[in-house]
Amino acid sequence: TKFTNVIVRKPGKSLCNGITSAPELGQPIYERAVEEHDDYIAALKQCGVEVTELPALEQYPDSCFVEDPAVITRCGAIITNPGADSRNGEKDEIEPTIRQFFDDEHVAHIVSPGTLDGGDVMMVGDHFFVGRSARTNEEGIRQFIEILESWGLSGSEVPLEEVLHLKTGVNYLEDGNMLVSGEFIDKPDFAEYNKVIVPEDEAYGANCIWVNGTVIVPEGYPTVLAAVQDLGYKTLVVDTSEYRKVDGGLSCLSLRF
Ligand code: CIR
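As a starting point, this report considers the structure included with it. Per chain, residue numbering runs from 1 following the sequence as it is written. Under the rules for a predicted model, residues below a pLDDT of 70 receive no local features and side-chain atom pairs below 80 are neither given nor counted, while totals for whole chains, interfaces and linings still include all residues. Heavy atoms from the whole structure form the basis of all side-chain values; hydrogens and water molecules are not counted.

## Structural notes on the overall build of the chain
Where we set the bar: Per the convention used, a helix needs a DSSP run of H or I reaching at least four residues, while a strand needs a run of E reaching at least two, with both numbered from the N terminus. The classification of residues rests on relative accessible area computed with a 1.4 Å probe and restricted to protein chains. Under 20% of the type maximum is buried, over 50% is exposed, and intermediate values are partly exposed. Any two residues whose heavy atoms approach within 4.5 Å are treated as being in contact. Methods summary: accessible areas were calculated by the Shrake-Rupley approach with a probe of 1.4 Å, and residue burial reflects only the protein chains presented. Only four residue types enter the charge count, namely Lys and Arg as positive and Asp and Glu as negative; His and the chain termini do not. Think of each charge as sitting on NZ of Lys, CZ of Arg, CG of Asp or CD of Glu.
On a plain count of helices and strands, the chain comes out with six helices and 15 strands. Counting the 257 residues in the chain, one finds 60% classified as buried. Taking as baseline every contact in the chain between residues at least 6 positions apart, the subset at least 24 positions apart corresponds to 68%. Approximately 10,500 Å² of the chain is accessible, and the part contributed by carbon and sulfur atoms is 48%. Charge centroids of the chain, computed over 20 positive and 44 negative side chains, lie 3 Å from each other.

As structure tokens, then:
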């Protein structure tokens, strides 16, 4: 795998009203969120990708989490049908940008009653694991796998019990290495990989991203950072603490392809 392009969207002030499962963490501080976003973009650029930065969309508080309304594979892009009502319209906002990179035959859609969030999709080579979650339903997964298979790719369902999205708890670092936390540590789906177990008190740190040989790790997760470095990866650390307040992390903030 080699990524050439990354799409991000600047957070709006409305990020403070993003969906959250952890209101006790408080609302994101907008100015700080923008600084963190700038640092994130700088880290991505260091990994040798071209970054397309879309403008903020105040109408959609969670729209900086561009990973959810689209999934991009090496064979084409899939515009999803995000499972949260307040986010569903984000699919129409991202599509024109996706079409700048892919022609008509290489853009597919998940349609109602199917729902799917890109945060539930983990790419491992030409196979895609798809979490069945509160956002991604059985019909969405069926459509997604049908599209993948029409492109010569494959997919499989992973039921989730505890976390919001599949990649909240498991992330593939290429080279057979997988960061796993909580409910994913013992899932048979991942038995064949070199699993790096993320301790419960650093669970948020499981959401790292591999970008062209470098792994970007969230700031404040020393066990995860050491484990990733032990695997031999170059690492970059980015603070995503304002995004954590609304259940977001490193992977959610970009589309990498
Ligand atoms: C949401 O609940 O949809 C946002 N507050 C967070 C989305 C995080 N996205 C992701 O894990 N892919």
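## Re unusual backbone geometry
Apart from glycine, the bulk of residues carry a negative phi angle, and the bulk of peptide bonds sit in the trans form. Looking along the chain, the bond that leaves Ser112 and enters Pro113 is cis, with omega of 5°. Position of Pro113 relative to the elements: it lies in the loop between β5 (107–109) and β6 (121–124). Positive phi, normally seen in glycine, also occurs at Glu174, with a value near 70°. For Glu174, the location among the structural elements is in the loop between β9 (170–172) and β10 (177–180).

## Topic: the sheet that holds strand β11 (residues 194–197)
Keep this limit in mind: Only strands joined by at least two bridges in the DSSP assignment are considered to pair. The angle between two axes is taken between their N-to-C directions and runs from 0 to 180 degrees, where each axis is a line fitted to C-alpha atoms and a helix contributes only its stretch in contact.
Strand order across the open sheet formed by three strands is β9-β10-β11, with mixed pairing between neighbours. Unpaired on one side and paired on the other, β9 and β11 mark the two borders of the sheet. Geometrically, the sheet is characterised by an average inter-axis angle of 25° between neighbouring strands, direction not taken into account.

## Details of the packing of aromatic side chains
Cut-off, in case you're wondering: Ring geometry is summarised as follows: Phe, Tyr and Trp rings, the Trp one being its six-membered ring, pair when their centres sit within 6.5 Å, and such pairs are stacked at plane angles under 30 degrees, edge-to-face over 60 and tilted between the two. Any Lys NZ or Arg CZ found within 6 Å of a ring centre and within 35 degrees of that ring's normal is scored as a charge over the ring.
For the structure shown, the criterion picks out ten aromatic pairs. For the pair Phe128 and Phe144, a centre-to-centre distance of 6.5 Å together with 75° between the ring planes defines the contact as edge-to-face. Taken together, the residues span a long stretch of sequence, with Phe128 in strand β7 (residues 127–132) and Phe144 in helix α3 (residues 138–150) at a distance of 16 residues. For Phe144, a relative accessible area of 0% translates into the label buried. One aromatic cluster is present, formed by Phe129, Tyr172, Phe184, Phe190 and Tyr193 through successive ring pairs. Geometry around Tyr204 places Arg244 over its ring, the cationic atom sitting 5.3 Å from the centre.

## Describing the site of the ligand
The line we're drawing: Nearness is judged by heavy atoms alone; a residue qualifies as near a molecule or strand once a single heavy atom is within 4 Å of it. Any pair of nitrogen or oxygen atoms within 3.5 Å is treated as a polar contact; in protein, a donor-acceptor pairing is required on top of that, and neighbouring residues in sequence qualify only through side-chain atoms on both sides. Gly is placed with the polar residues, together with every amino acid not listed as nonpolar (Ala, Val, Leu, Ile, Met, Phe, Trp, Tyr, Cys and Pro) or charged (Asp, Glu, Lys and Arg).
Near the ligand, the surroundings consist of 13 residues, among which Ile19, Asp62, Arg87, His165 and Val246 are the closest. Between Asp62 and the ligand, the recorded distance is 2.7 Å, taken from a side-chain N or O atom to a nitrogen atom. When the free accessible area of the ligand is taken as 350 Å², the share hidden by the protein chains comes to 98%. Tallied by class, the residues present in the shell around the ligand amount to five nonpolar, two polar and six charged.

## Thoughts on the pairing of strand β13 (residues 214–218)
Put simply, the test is: Seen with its strands pointing away from the viewer, a crossover is right-handed when the path leading from the first strand over the helix to the second is clockwise.
Most of β13 sits inside the fold, with five of its five residues counted as buried. Residues Thr214, Ile216 and Pro218 of β13 are buried on one face, and the alternating residues Val215 and Val217, pointing to the opposite face, are buried as well. Where strand β12 (residues 209–211) hands over to β13, the hairpin turn is made up of two residues, of which Asn212 adopts a positive phi near 55°. Strand direction decides the pairing type here: β13 and strand β14 (residues 234–238), joined by five bridges, are parallel. Along β14, the bridge assignment pairs Pro218 with Val238. In this fold, β13 hands off to helix α5 (residues 222–230), which returns the chain to β14; that crossover is right-handed.

## Thoughts on the side chain of Thr235
Mapped onto the secondary structure, Thr235 falls in strand β14. There is a polar contact of 2.9 Å between the side chain of Thr235 and the side chain of Gln229. Residue contacts for Thr235: discarding those within four places in its chain leaves Thr214, Val215, Val217, Leu225, Val228 and Gln229.

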